[in-house]
Amino acid sequence: MLLIDVPLIAMAVYLDHPEFFRGHLESGRDWESLYAVIVASLVLLVRWRWPMTAFLINLAHLTAASVLGAWHFGLLLLIALHAAARQSDRRVSIAAALACAIPFGIATYEWSADGFPAHILGGTVAGLTVSAWILGYWMQRAVQEQMTAKAVAHARRAERVQLARELHEIITRSVDVMRDEAAIARKALAGDPGRAARALEAVQEDGTRAMAELRRMLSVMRLSAQDEPDGHRTRRVGVRLLLDSALVATTCYIDWYVWLGQVRPMGNEKVYFFYAAVMLALLLRWRWPLAVMALHLAFAVAILEVRPDSDYIVGPLIALHAVSRLLDRRVSIQTAFVCTAPYALLFHRQGGNFSDPVDVAVTAAMCTVIVTMPWLLGYSMRRAAEGKAAARAAARERRAERLQLAHELHDIVSHTVTMMLLQAAGARAVLSSDPTRAEAAVDAIREAGDRSMTELAHLLTLITPDGAAPPAQHPGLEALNELLSHMRTTGLSVTIETTGTPADLDPSVNLTAYRIIQEALTNSTKYAGPDATAHVRLTWTDSELGIDVTDHHTGKRGTVPSTGHGLIGLQERLNAIGGDFTAGPHHDGFAVTATLPLAPAPAWPSPSDRTTISDRTGTESRPARRRH
């Protein structure tokens, strides 16, 4: 930092007080002024630690110098203002920028009394002040946005750790306890039916608690995923065009009074047209930054041949800002290096002595500072935009991950626990009358628990940070026959019909198709009653897969816990891959219909899409209302 600060401050002192470097110290007042400048300069070395202190000292110094009639550019004050905008709160830094009007206003008044155009001087110091503040502000914004992106990523990691902990401590433990109770019941069936009944009752109680905890977790995950704002606002093209037009108009106004107004007396009126075309090209710099940059550099060199005393400075800097804002850092640095050439030529044409090492060093330093400011501003704005985009992307991924985990949790746990509860209820019902059937039901509970524990362990590995997760093995339609076999063990009679030629499915579509059938049949086991029937129809076409699952009620089962997120999750899955989904009453039963593309069409469900189930099924239908 000192390698940058010391030359920068030395150059600012040289430009503000050249008499000190040339030995023009004739009175005690000059020496006092030198001491004051030294103090103000040394204070700037600690401006990153105490920005407002350094700013106030330099403000007082420049104000006193202006009152005493000594005019300076105020570069030391601008350096302090930049640090204040970079390190302090925005309101404080704006107040500091407004306070700069005091010494600059006094100096402008003094110079205007001597015949210097007040609007030119006032506009110049105002522009320098605003530039210093904007540069510091955007450097602060760049750091803040990058830190925000890292914080969002850290929050996502912490959330996954917390979810893994809750999943292990609540859901996994409950399923494990249910499996252990089923094992106890299996051993006690032959010798102690009473103990077996108590174990099966414990299975039902643990399953009810697990479903309640799962419902709570899914509600929290889904609400946080839906309600979290994106915070992205698109800037309107008209606003940017208006700001660009104002910037170009201000630049033309300053150039007219500085040098362009002197073109006509010299008979170079054609410069007006070239100048106007070059300045209007700045409006296109966001689309073709390098082309506009090359045009302005060529014009800057050419105008020096026509008017060696011209002060065409601002145009290339505006174009350079766009280059550093839009393009890669390496390209923008190379462009900035090339941009120093016309300014070095300008200083040489206006009296610079390249044979003098001091003039060469000062010229090089001034060219570097002039070019660095717009480049650094554009680069800081680019970094801020990148950080903001990264934060938005991480937030979107975080919400998508919540919904995906909510889907997988529901599909794994809800289906398994429902199966275990139904089997436990069936086993208790036939415990004394049909021990063989009770044994089969208890064995089904243990098998379902084993499958669920395997899937939950894999899911835990996936969501645990730094977990060495093996490739995901999600079920698909190839496991459909096994799913139907498990469903038949609950008493549900399931038939399947396939029309068309099966085709290869994208893994995400294959998983979605499996989950649709799984959820529909699980709901049938809950609500269709004992000995109900269900029919699954798969319709294959060249581009789509149609799934229809219908059941027929035969009565009413006992109360089975539900999470309330099943059909909502299916709607979100179908929206994510670009499919259609309906669910509602059908004659004496319930029907679930879905159309899936063979390959997913990337799309993310909007909040309105998540409420279409109730709209399509009709809230007045009792079966549709209680289906989850």
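Given the structure is predicted, the values throughout are model-derived calculations rather than measurements.

1. Here we look at the overall build of the chain
A count of helical and extended segments in the chain gives 21 helices and five strands. Each of the 628 residues in the chain was classed as buried or not, and the buried ones make up 46%. The contacts of the chain with a sequence gap of at least 6 include a subset with a gap of at least 24, amounting to 77%. Entry remark: accessible area of the chain is about 30900 Å², with carbon and sulfur atoms responsible for 60%.

2. What about the packing of aromatic side chains?
One pass over the structure, following the stated rule, counts six aromatic pairs. Judged by centre distance (5.8 Å) and plane angle (75°), the ring pair of Y137 and W138 falls under edge-to-face. Taken as a pair, Y137 and W138 share a single burial class, namely buried. Plain terms: the ring middles of Y275 and F299 are 6.3 Å apart, the flat faces sit at 45° to each other, and that makes the pair tilted. Separated by 24 residues along the polypeptide, Y275 in helix α11 (residues 270–280) and F299 in helix α12 (residues 289–306) bring together distant segments of the chain. Side by side, Y275 and F299 carry an identical accessibility label, which is buried. Through a chain of ring-to-ring contacts, three or more aromatic side chains come together here, namely W133, Y137 and W138. Positioned above the aromatic ring of W286, the side-chain terminus of R240 is 4.4 Å from the ring centre.

3. Remarks on the side chain of T335
Turning to its location among the elements, T335 is positioned in helix α14 (residues 329–349). Judged by its relative accessible area of 11%, T335 falls in the buried class. Ignoring sequence-local partners within four residues, the contact set of T335 consists of L290, M293, L320 and V323.

4. Regarding the pattern of salt bridges
Under the definition given, this model contains six salt bridges. E145 serves as the salt-bridge partner of R141, at 3.6 Å between the closest nitrogen and oxygen. Of the two residues, R141 and E145 are both situated in helix α8 (residues 118–191); the distance of four residues between them amounts to about one turn of the helix. Two residues, E386 and R382, come together in a salt bridge whose shortest N-O distance is 3.2 Å.

5. Quick look at the packing of α12 against helix α13 (residues 314–326)
Taken N-terminus to C-terminus, the directions of α12 and α13 make an angle of 155°; their axes are 9 Å apart at the nearest point. With respect to α13, the axis of α12 lies roughly antiparallel. Remark: the crossing between α12 and α13 carries left-handed chirality. Each of P289, L290, V292, M293, H296, L297 and A300 in α12 lies in contact with α13, whose residues at this interface are G315, P316, A319, L320, A322, V323 and L326. Here the contact of α12 with α13 is built from residues that sort into twelve nonpolar, two polar and no charged.

6. Looking at the confidence of the model for the chain
Across the chain, pLDDT averages 77, with 77% of residues at or above 70. By mean pLDDT, helix α21 (residues 622–626) is the weakest element of the chain at 34, and helix α6 (residues 90–99) is the strongest at 93. Below a pLDDT of 50 lies the segment residues 603–628, which in the model reaches 57 contacts outside its immediate sequence neighbourhood of four places, other chains included.

7. Brief notes about the sheet that holds strand β1 (residues 493–499)
Taken in spatial order, the five strands make up an open sheet running β1-β2-β3-β5-β4, and their pairing is mixed. On the outer flanks of this sheet lie β1 and β4 (580–586), each paired with one strand and no other. Taken over all neighbouring pairs, the strand axes of this sheet differ in orientation by 10° on average, direction set aside. As defined by bridge partners, β1 adjoins strand β2 (residues 533–540) across seven bridges and the pair is classed as parallel. Paired with T499 across the two strands is T539, which belongs to β2. Contacts from helix α17 (residues 480–488) reach β1 and β2 within the one sheet, and its direction differs from that of β1 by about 155°.

8. Examining helix α18 (residues 507–527)
Given a rise of 1.5 Å per residue, 21 residues ought to cover 30 Å, and the 30 Å separating the end C-alpha atoms of α18 matches this to within 8%. Among the 21 residues that make up α18, 19 are buried, leaving the element largely enclosed by the rest of the structure.

9. Let's talk about the environment of T335
A C-alpha to C-alpha distance of 8.6 Å links T335 and S324, two positions eleven residues apart in sequence. Polar side-chain contacts of T335 include one of 2.8 Å to the backbone oxygen of V331.

10. Re the environment of R307
Within the secondary structure layout, R307 lies in the loop between α12 and α13. Assessed through its relative accessible area of 1%, R307 is described here as buried. Through-space distance from the C-alpha of R307 to that of V271 is 9.7 Å; in sequence the pair is 36 residues apart.

11. Let's talk about the environment of V413
Summarising the element assignment, V413 is placed in helix α15 (residues 357–429). The class for V413 is buried, based on a relative accessible area of 0%. Taking C-alpha positions, V413 is 8.5 Å from A210, a pair spaced 203 residues apart along the chain.

12. Some thoughts on the nonpolar core
Ranked by internal contacts, the top residues of the largest apolar core, which has 36 residues, are I517, L521, L545, I547 and L596. Where this core is concerned, the elements lending two or more residues are α17, α18, β2, β3 (544–552), α19 (566–577), β4 and β5 (589–597). Here this core gets seven residues from one element, more than from any other, and that element is α18. Look past the residues within four positions of L596 in its chain and what remains in contact with it is V509, T512, A513, I516, S543, E544, L545, I547, L574 and I577. With 33 residues, the next largest nonpolar core counts L76, L77, L121 and A132 among its residues.

13. Some details on a positive patch on the surface
A contiguous patch of positive charge on the surface is contributed by K187, R195, R198 and R446. Mapped onto the elements, K187 comes out in helix α8. Here K187 falls in the exposed class, since its relative accessible area comes to 75%.

14. Comments concerning a nonpolar patch on the surface
A surface patch of nonpolar side chains, about 770 Å² in accessible area, is lined by L2, V6, Y35, I38, L42, L45, V46 and W50. The set of elements that each furnish at least two residues to the nonpolar patch consists of α1 (2–16) and α3 (28–44). Element by element, the count of residues in the nonpolar patch is highest for α3, at three residues.

15. Considering the pairing of β5
The element β5 is extensively covered by neighbouring structure, given that seven of its nine residues are classed as buried. Sheet topology note: the β4/β5 ladder contains seven bridges and is antiparallel. Counted as the bridge partner of P585 is F590 from β5. In this antiparallel pair of consecutive strands, β4 and β5, the connection spans two residues, and H587 shows a positive phi of 50°.

16. Observations regarding α14
When the terminal C-alpha atoms of α14 are compared, their 31 Å separation across 21 residues agrees well with the 30 Å that a helix rising 1.5 Å per residue should span. Within α14, burial applies to S332, T335, A336, C339, T340, P342, Y343, L346 and F347. Backbone nitrogen of R330 and a side-chain oxygen of the N-cap are separated by 3.1 Å at the start of α14; the cap is D328.

What counts, and at which threshold
- Starting afresh in each chain, residues are numbered from 1 along the sequence in its written order.
- With the structure being a predicted model, the display of local features is reserved for residues of pLDDT at least 70 and the display and counting of side-chain atom pairs for 80 or more, all residues being used for whole-chain, interface and lining totals.
- Values reported for side chains reflect all heavy atoms of the structure, with hydrogen atoms and water molecules removed beforehand.
- Strands are runs of DSSP state E lasting at least two residues, helices are runs of H or I lasting at least four, and both sets are numbered from the N terminus onward.
- Partly exposed describes any residue whose relative accessible area lies between the buried limit of under 20% and the exposed limit of over 50%, with all areas from a 1.4 Å probe on protein chains only and scaled to the type maximum.
- The contact rule is simple, with two residues in contact once any of their heavy atoms fall within 4.5 Å.
- To measure how exposed things are, a 1.4 Å probe is used in the Shrake-Rupley method; for residues, cover is taken only from the protein chains shown.
- Pairing of aromatic rings covers Phe, Tyr and Trp, the last through its six-membered ring, and needs centres within 6.5 Å; plane angles under 30 degrees mean stacked, over 60 mean edge-to-face, and all others mean tilted.
- Two conditions define a charge sitting above a ring: the NZ of Lys or the CZ of Arg must be within 6 Å of the ring centre, and it must be within 35 degrees of the ring normal.
- By salt bridge we mean one thing: a side-chain nitrogen of Lys or Arg within 4 Å of a carboxyl oxygen of Asp or Glu.
- Note on method: axes are straight lines fitted to C-alpha atoms, helices fitted across the in-contact stretch only, with angles between N-to-C directions ranging 0 to 180 degrees.
- When describing relative orientation, an angle under 35 degrees is termed roughly parallel and one over 145 degrees roughly antiparallel, while 65 to 115 degrees is termed roughly perpendicular and anything else oblique.
- Here is the rule for handedness: rotate from the far helix to the near one, and if that takes an anticlockwise turn smaller than a right angle the crossing is left-handed, while a clockwise turn gives right-handed.
- All residues other than Ala, Val, Leu, Ile, Met, Phe, Trp, Tyr, Cys, Pro, Asp, Glu, Lys and Arg, Gly among them, are scored as polar; the first ten of these are nonpolar and the last four charged.
- Every residue carries a pLDDT, the predictor's confidence in it, which falls somewhere between 0 and 100.
- When DSSP finds two or more bridges between a pair of strands, those strands are recorded as paired.
- Residue count minus one, scaled by 1.5 Å, sets the expected span of a helix.
- In the analysis that follows, any N or O atom pair within 3.5 Å is treated as a polar contact, provided that within protein one partner can donate a hydrogen and the other can accept it, and provided that, for residues neighboring in sequence, both atoms belong to side chains.
- Here, nonpolar core refers to any group of buried Ala, Val, Leu, Ile, Met, Phe, Trp, Tyr and Cys residues whose side-chain atoms link them within 4.5 Å.
- Nonpolar side chains (Val, Leu, Ile, Met, Phe, Trp, Tyr) within 5 Å and like charges within 9 Å form the patches, drawn only from residues with over 30% relative accessible area and no salt bridge.
- Positive charges come from Lys and Arg alone, negative charges from Asp and Glu alone, with His and the N- and C-terminal ends not counted.
- The location of each charge is read from NZ of Lys, CZ of Arg, CG of Asp or CD of Glu.

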